[in-house]
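Residue-level structural notes
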Amino acid sequence: MFQINIEKREVLGIPFLFIQPTKKKIQGTILHYYGWNSEMNNSIPFCSRIAEAGYQIIVPELPNHGARIKKDNNNAELICQWNTIFESIDESLELINLIVEYPTVIKKNFYIQGYSMGGYIASVLFTKFSFIKGLIAVNSCLAWQKNEELLAKFSTRTVLKENQKLLNLISLNDPINLISKMVPRSILIFHGQSDFIIPVYSQRYFYKTVLDDYSIHSKQITYIESPNSGHQINLDITDRIIEWLKSN
């Protein structure tokens, strides 16, 4: 049983989980974004282990998920995913400004974390708030256009070509185009080599690209590929995140 406390709260009409350690002093705050077709309660096991290590974690319910779900029968699933990403980014701008006013939140020890689609959201928000200490991206993608380009070569993924407005948003917010707003802050990228949902090659591309910008800050970016992992979070990933947090 984890030594934590979990509360359900709401602000700006957004429900969220507030998870705190009960036995350890709070070392920092993590804003966590989960993946497509999940909900905030599904993040409890993963986030509880990190919280028990001394971190308070906030998990907002994403647009079109959990208690906020609404059917969109007019768009393909891929379009719905991108719409959710951008809607979440927009509403999180005000959400984060409110969260950092909480008495237990110390801005200099504030991290942002995302799994799968949640990493898309977290990576952009990382560039919007310069006080965020570090970014954790698990089985996600920080090179959006490159990923879409590569996926299109091996599938019939053509729906984006018909949506110029969305293509413009993807280009404008692609994290790989915003690296200058990340340097020299800490980044942890963890990806399973057997991930067939978001293949690892886009993260390899991002890491190789970002190394030039992080040249004199190379210790600030950590890239880990797990040869035996797919598109999931396991105990090894969780423990490595805790280790990384303690060293940052």
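Relevant structure appears above.
To keep things clear, this report deals only with the structure shown in the data block. (Residues numbered from 1 in each chain as written. Predicted model: local features only at pLDDT ≥ 70, side-chain atom pairs only at ≥ 80, totals over all residues. Heavy atoms only, no water.)

1. Re the overall build of the chain
When helices and strands are counted, the chain shows 7 helices and 8 strands. In terms of C-alpha radius of gyration, the chain reaches 17 Å, essentially the compact-globule figure of 18 Å for 248 residues. Structurally, the chain occupies a C-alpha span of about 50 × 45 × 35 Å along its principal axes. For the chain, the proportion of its 248 residues judged to be buried stands at 53%. Summarising the internal contacts of the chain: among those between residues at least 6 apart in sequence, 75% fall at separations of at least 24. With an accessible surface of roughly 11,700 Å², the chain has 49% of that area assigned to carbon and sulfur atoms. (Helix = DSSP H or I, 4+ residues; strand = E, 2+ residues; numbered from the N terminus. Rg over C-alpha atoms; globule rule 2.2 N^0.38 Å. Buried < 20%, exposed > 50% of the residue type's maximum accessible area, 1.4 Å probe, protein only. Contact = heavy atoms within 4.5 Å. Areas by Shrake-Rupley, 256 points an atom, 1.4 Å probe, with all protein chains shown as cover.)

2. So, the sheet that holds strand 1 (residues 4-11)
Strand pairs in the sheet, formed through backbone hydrogen bonds, run parallel or antiparallel to each other. The strand order across the open sheet formed by 8 strands is 1-2-4-3-5-6-7-8, and the pairing between neighbours is mixed. Strands with a single pairing partner mark the edges of an open sheet, and in this sheet they are strand 1 and strand 8 (221-226). Strand-to-strand twist across the sheet, computed as the mean angle between neighbouring axes with direction ignored, equals 15 degrees. Here 4 bridges tie strand 2 (residues 14-21) to strand 4 (residues 55-60), and the two strands are oriented antiparallel to one another. When the sheet's bridge partners are listed, Phe18 is paired in strand 4 with Ile58. Along the sheet, helix 1 (residues 44-52) makes contact with strand 1, strand 2, strand 3 (28-33), strand 4 and strand 5 (110-115), crossing strand 4 at roughly 155 degrees. Contacts between helix 2 (residues 77-99) and the sheet are confined to strand 1, strand 2, strand 3, strand 4 and strand 5, with strand 3 contributing the most and set at about 160 degrees to the helix. (Pairing = 2+ DSSP bridges. Axes fitted to C-alpha atoms, helices over the stretch in contact; angles between N-to-C directions.)

3. Some remarks on empty space enclosed by the protein
All told, the structure shown has 1 cavity of 30 Å³ or more when counted by the stated rule. Of the voids in this model, the largest cavity is the one considered here, and its volume is about 30 Å³. In terms of lining residues, the largest cavity is bounded by Ile26, Gln27, Gly28, Thr29, Thr104, Ile106 and Asn109. Taken together, the residues of the lining of the largest cavity break down into 2 nonpolar, 5 polar and no charged. (1 Å grid on protein atoms, 1.4 Å probe; cavity = no way out; pocket = protein on both sides within 12 Å on 5 of 7 lines; lining within 4 Å. Points joined across faces, edges and corners; volume = space filled by probe spheres on them. Nonpolar A, V, L, I, M, F, W, Y, C, P; charged D, E, K, R; others polar.)

4. A short note on the packing of helix 4 (residues 144-153) against helix 6 (residues 201-213)
For any two helices packed against each other, the geometry is given by the interaxial angle and the distance between the axes. Packing of helix 4 against helix 6 brings their axes to within 9 Å, and their N-to-C directions diverge by 140 degrees. Regarding helix 4 and helix 6, the two cross each other, and that crossing is right-handed. Residues Lys146, Asn147, Leu150 and Leu151 of helix 4 pack against Tyr201, Ser202 and Tyr205 of helix 6. Partitioning the contact of helix 4 with helix 6 into residue classes produces 4 nonpolar, 2 polar and 1 charged. (Left-handed = near helix turned anticlockwise from the far one by under 90°.)

5. Examining the pattern of salt bridges
One pass over the full model with this rule turns up 6 salt bridges. In this structure, Arg9 engages Glu7 in a salt bridge whose closest nitrogen and oxygen atoms are separated by 2.9 Å. A residue is classified by how much of its surface remains accessible, and Arg9, at 29% relative accessible area, is partly exposed. Residue classification places Glu7 among the partly exposed positions, given a relative accessible area of 30%. (Salt bridge = Lys/Arg side-chain N within 4 Å of Asp/Glu carboxyl O.)

6. A look at the nonpolar core
Ranked by size, the top nonpolar core spans 76 residues in total, and within it Ile50, Trp82, Ile112, Trp144, Phe206, Ile241 and Leu245 carry the most contacts. Of all the elements, helix 2 adds the most residues to this core, at 9 residues. Apart from the residues within four sequence positions on either side, Trp82 is in contact with Tyr120, Trp144, Glu148, Leu160, Leu166 and Ile170. (Core = buried A, V, L, I, M, F, W, Y, C linked by side-chain atoms within 4.5 Å.)

7. Some remarks on the packing of aromatic side chains
This structure, assessed with the given rule, holds 10 aromatic pairs. Ring geometry for Trp82 and Tyr120: centres 5.6 Å apart, planes at 70 degrees, overall edge-to-face. Of this pair, Trp82 sits in helix 2 while Tyr120 sits in helix 3 (residues 117-128), placing them 38 residues apart in sequence. The two residues Trp82 and Tyr120 agree in class, both being buried. Judged by centre distance (5.6 Å) and plane angle (20 degrees), the ring pair of Tyr120 and Trp144 falls under stacked. Of this pair, Tyr120 sits in helix 3 while Trp144 is found in helix 4, placing the two residues 24 residues apart along the sequence. In this structure, Tyr120 and Trp144 share a single accessibility class: buried. Taken together, the ring pairs connect Trp82, Phe86, Tyr120 and Trp144 into an aromatic cluster. The aromatic ring of Phe18 is capped on one face by Arg9, whose charged end is 4.1 Å from the ring centroid. A cation over a ring is seen here: Lys107 above Phe131, with NZ or CZ 4.6 Å from the ring centre. (Phe/Tyr/Trp six-rings, centres within 6.5 Å; stacked < 30°, edge-to-face > 60°. Lys NZ or Arg CZ within 6 Å of the ring centre and 35° of its normal.)

8. A look at the side chain of Ser226
Take Ser226: it is sitting in strand 8. If we ignore the near neighbours within four places in the chain, the residues touching Ser226 are Phe190, His191, Gly192 and Gln193.

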